[in-house]
Amino acid sequence: MQLGDGVLQPSAVAEFMTERQAAFQTYLTEPLQNRIVILNTAKAPTDELTVRKVIIHGVDKAAIIDKELAGLAKPADSLFPKNAPYCGIDLTPRFDYDFEKATLLNCADCRELSLDFIVLDTEANLLVLEDDIRADLAEVGITVNLRALPKDEFNAAMVSGDFNMAFSETWGPPYDPHSYAASWSTPDEAYFAALEGLPPPITKEVLTERIANVLKVEDEAQRQAGWTEILSTLHDQATELPFSGKRIPAVISRRLAGYTPGQQQFDYPLHTLRVLSGERTVTVAPGAQTGLFTGVGRLDPHSYRPNEFFANNFVYDGLVEYGPGGAILPSLAVSWDVDDLDSGGQQYTFTLRTGVVFHDGAPWDCAAAKLNFDHVLAPPLTTGDWHGWYGLPGAIDGWRCEGDHTFVVTTKSVHYPLLQELSFIRPLRMLSPTMFVAGYDSDPLTQNSCPTGWGSWSHDGVEITCAGAPACRSASGAPGAPGAPVPRPSLASPAGSRALPRAVADTPCARPRARAPQAPSASRAPAG
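All values derive from a computational prediction rather than experimental measurement.

**Q** Could you give an account of the overall build of the protein chain, naming the residues involved and the relevant values?
**A** Within the protein chain, the regular secondary structure consists of 15 helices and 25 strands. In the protein chain, which comprises 528 residues, the share counted as buried stands at 53%. A total of about 21400 Å² of accessible surface is found on the protein chain, and carbon and sulfur atoms cover 52% of it.

This is the structure:
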């Protein structure tokens, strides 16, 4: 079975769909994220709105998608997929391919324009797309200079704004639009430099403030109005060429049944599969962050690469999970209530699932939840260099236990995506308390669960030392190695079924398992 993007070429996926249907089922998600070309508003000649419109009208996206992507993607006409929360709006005028309009716009001055297009030199698929875009723009009088750069040079050019065009992707669910938009205020995203040329009255600074403010809006209609204003500004200024909607493929043998595509890019819900015939051992070729799968990394829940999203999602659970249509579903919390505070913040009261233990026998309870929060949200780790890339670490004001199975989180102000951000695969999935250095007595500052390779440092006078999680430090992903995924009983498999077990790690730091699952219910879960 093949799961995810980047394992098979689009033409091979199309072949399975059309010529190998007897032996294989092929699934495609709806577009989960959009591939875009960012246009730098702060570097000539793309600092001119007319030039950016020429580029958008001059690229025949549908023809390129048919040629290079075997028609598996869908042409995009907006920054975010229409099914992303608050993004299903009609923006006018439509910036579709229109050769005549592009030619007329460029011939108002009849200038010979030259643009720099930066692409990572290892991204073969993007280099192919760039070649087609370059050919289209040549037809309307624009010369595109390809700069295929190694990673360090590419990052330097992106951060400094030394480009006119650069590929990017939105992050997809559950991160769009709020987390991706919030990332534009940090220099490790191309938009950071590319939006510097936005003219008054809505400059980059104003746009950044509006993005920050909309995350604090509780009223649904006002929140929609805020996002409509933000997305309309970007559309009116033609800040990107929306290119294609990315659909995630899965190719599965017909001796298996029951697969349901995941809700995000690296979500492969193998636990829904059932074996209809043959062996119960199944070989999986998963799409990974770096393309073809090579290993699961450290397999710890509180950090990032080389951990693989899909492997961590197999192994660890959080308080909630992201469901179809953006619904927030119970996971290790069975329900929650949200109350407004006099301070202007909010209080989230989570009722935790009972009858659950980790694979080392440690109980899942409020002490375990609090210990994980204590470590992940230790003050030096909440900055932009570490976990501060998304809003939750800065929004949360405190957390505490009220009994063994009630966990309370308070925020400084309204932060509407909080539940959505608690569903992220990292960094707030739950680790067994016994896997922290010193166990339940682990000190978040002197024995933090962050990887030992992060070292020690100080921020605002607070020093932190990363001690890691001992059982997770040795995870190599090799068969039989500590941390390698192995079958365990599935919470989703009724007795007597032939459902494949949900994969977890053969290590005590793995996901909790339920002995007496309770019927989940959520008292309040905002849309998106």
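Structure shown, so let's carry the discussion forward.
**Q** Which residues make up unusual backbone geometry, and what are the values?
**A** A cis amide bond links T92 to the next residue, P93, at an omega of -5°. Structurally, the position occupied by P93 is in the loop between strand 4 (74-75) and helix 4 (99-106). Omega for the bond connecting P173 with P174 falls within 30 degrees of zero, at 0°, which places this linkage in the cis form. Structurally, P174 is set in the loop between strand 7 (165-169) and helix 7 (178-182). Despite not being glycine, A70 shows a phi value in the positive range, around 55°. At Y86, a residue that is not glycine, the phi angle is positive and equals roughly 70°.

**Q** Got a sec to walk through the packing of aromatic side chains? Specific residues and values, please.
**A** Under the defined criterion, the tally for this structure stands at 29 aromatic pairs. Ring geometry for W171 and Y180: centres 5.6 Å apart, planes at 65°, overall edge-to-face. On the basis of relative accessible area, Y180 is assigned to the buried category, the value being 0%. Between the aromatic rings of F293 and F310, the centroid separation amounts to 5.5 Å while the plane-to-plane angle is 70°, which identifies the pairing as edge-to-face. Pair noted here: F293 is in the loop between strand 13 (291-292) and helix 11 (309-315) and F310 is in helix 11, with a separation of 17 residues, a long-range link. Look at F293 and you get partly exposed, because its relative accessible area is 34%. Here the basic side chain of K204 rests over the ring of F192, its NZ or CZ set 3.6 Å away from the ring centre.

**Q** Account for helix 2 (residues 49-58), naming residues and giving values.
**A** By the criterion of burial, helix 2 is predominantly enclosed, with 7 of the 10 residues buried. What helix 2 keeps buried is the set V51, R52, V54, I55, I56, H57 and G58.

**Q** For the nonpolar core, give the residues involved together with the corresponding values.
**A** Core analysis: the largest hydrophobic core is formed by 60 residues, its most contacted members being L319, F350, W364, F373 and L422. A per-element tally of this core places helix 12 (residues 366-376) first, with 6 residues. Ignoring anything within four residues of it in the chain, the contact list for W364 reads L319, L332, L352, R353, V356, V357, F358, A369, H405 and M430. With 35 residues, the next largest nonpolar core counts L79, L195, L215 and I230 among its residues.

**Q** Before we move on, can you summarise the state of the cysteines with the specific residues and values?
**A** Counting across every chain of the model gives 2 disulfides. The residue that forms a disulfide with C366 is C401, at a sulfur-sulfur distance of 2.2 Å. Here the disulfide of C366 and C401 is left-handed, its torsion about the S-S bond being about -100°. Remark: C401 occurs in strand 19 (residues 396-401) and C366 occurs in helix 12; sequence separation between them is 35 residues. Taking the relative accessible area as the measure of exposure, C366 reaches 0% and is therefore buried. For C401, a relative accessible area of 31% corresponds to the partly exposed category. A sulfur-sulfur distance of 2.0 Å marks the disulfide that ties C450 to C466. Disulfide C450 to C466: torsion about the S-S bond roughly -95°, handedness left-handed.

**Q** Residue-level account of the sheet that holds strand 17 (residues 346-352), with values.
**A** Taken together, the 4 strands give an open sheet; going across it, the order is 16-17-20-19, and neighbouring strands pair in antiparallel fashion. With one partner strand each, in any of the chains shown, strand 16 (333-340) and strand 19 form the two edges of the open sheet. For this sheet, the mean inter-axis angle between neighbouring strands, taken without regard to orientation, is 20°. In terms of strand pairing, strand 19 meets strand 20 (residues 406-411) through 5 bridges, oriented antiparallel. Bridge pairing in strand 20 places R400 opposite V408. Strands in contact with helix 12 are strand 17, strand 19 and strand 20; relative to strand 19, the strand with the most contacts, it is inclined by about 150°.

**Q** Lay out the sheet that holds strand 5 (residues 113-120) with the relevant residues and their values.
**A** Judged by pairing direction, the sheet is mixed, and its 6 strands sit side by side in the order 4-8-3-7-5-6 without closing on themselves. Looking at which strands have only one partner, the edges of the open sheet turn out to be strand 4 and strand 6 (142-149). Where strand 3 (residues 33-39) meets strand 8 (residues 240-246), 6 bridges bridge the pair, whose relative direction is antiparallel. Its bridge partner being in strand 8, Q33 is matched across the sheet by K246.

**Q** A description of the packing of helix 9 (residues 204-214) against helix 10 (residues 220-236) should follow, citing residues and the corresponding values.
**A** Here helix 9 crosses helix 10 at 155°, and the two axes come no closer than 10 Å. As judged from the angle between their axes, helix 9 and helix 10 are roughly antiparallel. Considering the relative orientation of helix 9 and helix 10, their crossing is left-handed. Touching L207, R210, I211 and V214 of helix 9 are R223, G226, W227, E229, I230, T233 and L234, all from helix 10. The residue inventory of the contact of helix 9 with helix 10, partitioned by class, reads 6 nonpolar, 2 polar and 3 charged.

What counts and how
Residues numbered from 1 in each chain as written. Predicted model: local features only at pLDDT ≥ 70, side-chain atom pairs only at ≥ 80, totals over all residues. Heavy atoms only, no water. Helix = DSSP H or I, 4+ residues; strand = E, 2+ residues; numbered from the N terminus. Buried < 20%, exposed > 50% of the residue type's maximum accessible area, 1.4 Å probe, protein only. Areas by Shrake-Rupley, 256 points an atom, 1.4 Å probe, with all protein chains shown as cover. Phe/Tyr/Trp six-rings, centres within 6.5 Å; stacked < 30°, edge-to-face > 60°. Lys NZ or Arg CZ within 6 Å of the ring centre and 35° of its normal. Core = buried A, V, L, I, M, F, W, Y, C linked by side-chain atoms within 4.5 Å. Contact = heavy atoms within 4.5 Å. Disulfide = S-S within 2.5 Å. Pairing = 2+ DSSP bridges. Axes fitted to C-alpha atoms, helices over the stretch in contact; angles between N-to-C directions. Parallel < 35°, antiparallel > 145°, perpendicular 65-115°, else oblique. Left-handed = near helix turned anticlockwise from the far one by under 90°. Nonpolar A, V, L, I, M, F, W, Y, C, P; charged D, E, K, R; others polar.

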